[in-house]
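# Coordinates in review
In case you want the letters, here they are:
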Amino acid sequence: MTDDTHAGNIVLVHGGFVDGSGWQGVYDALKADGYDVAVVQNPTLSLEGDVAATQQVIDRLPGPVTLVGHSYGGVVITEAGNHPKVNALVYIAAFAPDKGESVSSLIADPPPKAPVPPILPPDQGFLFLDRDKFADSFAGDLPRAQAEFMADSQVPWGVDALGGAISQPAWRTKRSWYLIATDDRMIPPPAQHAMSERIGARTVEVAASHAVYLSQPDSVADLIREAARS
């Protein structure tokens, strides 16, 4: 596409423990195709605050938006996706809650033998992952040095954000897509399957860790393109 071709608007929302810079590979792939792409830097203090931050970004874009969320970002887009400009939701190894659900409620009863994310006890109202277990749990298919950098640059995740409940799930009225990371050790793949089926998403599977948006940005971008073109 030429530089003056506008393919559409895409907003990328990060999950917990990380910031929006991890979307760089996906961003570059979509920009090369002529999409206007914005990355939300969620404060991750509360779900309400993250929804407001996301909708502020959507407000600044012209025309319809494809809204994409990774991990906890799936909770954010489930609520923020009610914005009238949003016409498609894309969940990337993400939580897809229903009304009244939160990350806290969704992880309360993990599938049998599922890996338990190494979340440390709250520290002054914030959560972190055990840095020594971060690589294996969050980013098992990234170079070790990159995973260790992510472990040492974690974004504090507010306990209030973890407990933020959905008031109106946008997937009930908006079309949705879901990428399941089959080697995910943060959100068990069976849970991802169950959520994607419940929301009626067009679903693909990718053999990747929870950090699939970093390790396989082209696969992630492909699904986003499909949603944006539909």
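Provided above is the structure to which this section pertains.
Below is a summary of the structure that appears in this document. All values derive from a computational prediction rather than experimental measurement. (Residues numbered from 1 in each chain as written. Predicted model: local features only at pLDDT ≥ 70, side-chain atom pairs only at ≥ 80, totals over all residues. Heavy atoms only, no water.)

### A word on the packing of helix α1 (residues 24-32) against helix α10 (residues 217-229)
- At their nearest, the axes of α1 and α10 sit 9 Å apart, and the two run at 50° to each other. Relative to α10, the element α1 lies oblique. Crossing hand, α1 versus α10: right-handed. Here α1 contributes Gly25, Val26, Ala29 and Leu30 to the contact with α10, which in turn contributes Pro217, Asp218, Val220, Ala221, Ile224 and Arg225.
- Here the residues of the contact of α1 with α10 are counted per class, giving seven nonpolar, one polar and two charged. (Axes fitted to C-alpha atoms, helices over the stretch in contact; angles between N-to-C directions. Helix = DSSP H or I, 4+ residues; strand = E, 2+ residues; numbered from the N terminus. Parallel < 35°, antiparallel > 145°, perpendicular 65-115°, else oblique. Left-handed = near helix turned anticlockwise from the far one by under 90°. Contact = heavy atoms within 4.5 Å. Nonpolar A, V, L, I, M, F, W, Y, C, P; charged D, E, K, R; others polar.)

### Focus: the nonpolar core
- One finds Val11 and Phe138 to be the most contacted residues of the largest nonpolar core, which totals 75 residues.
- Looking at which element gives the most residues to this core, the answer is strand β4 (residues 86-92), with six residues.
- Sequence-distant contacts of Phe138, that is, excluding residues within four places in its chain, are made with Gly16, Val18, His70, Leu129, Met150, Met186, Ser209, His210, Ala211 and Tyr213. (Core = buried A, V, L, I, M, F, W, Y, C linked by side-chain atoms within 4.5 Å. Buried < 20%, exposed > 50% of the residue type's maximum accessible area, 1.4 Å probe, protein only.)

### What about the layout of surface pockets?
- Of the pockets and cavities examined, the largest pocket occupies roughly 440 Å³.
- Forming the walls of the largest pocket are 26 residues, and the residues nearest its centre are Phe95, Leu106, Ile107, Met186 and Pro188.
- Sorting the residues of the lining of the largest pocket by element identifies α4 (103-106) and α8 (189-198) as the ones contributing at least two each.
- Per-element accounting of the lining of the largest pocket gives the leading share, four residues, to α8.
- Looking at side-chain class alone, the lining of the largest pocket contains 20 nonpolar, four polar and two charged residues.
- Size it by volume and the second largest pocket reaches roughly 210 Å³.
- Of the residues forming the lining of the second largest pocket, the biggest block, three residues, is contributed by helix α6 (residues 144-152).
- Of the residues in the lining of the second largest pocket, the class split is seven nonpolar, four polar and one charged. (1 Å grid on protein atoms, 1.4 Å probe; cavity = no way out; pocket = protein on both sides within 12 Å on 5 of 7 lines; lining within 4 Å. Points joined across faces, edges and corners; volume = space filled by probe spheres on them.)

Honestly, it's all geometry; don't read function into it.
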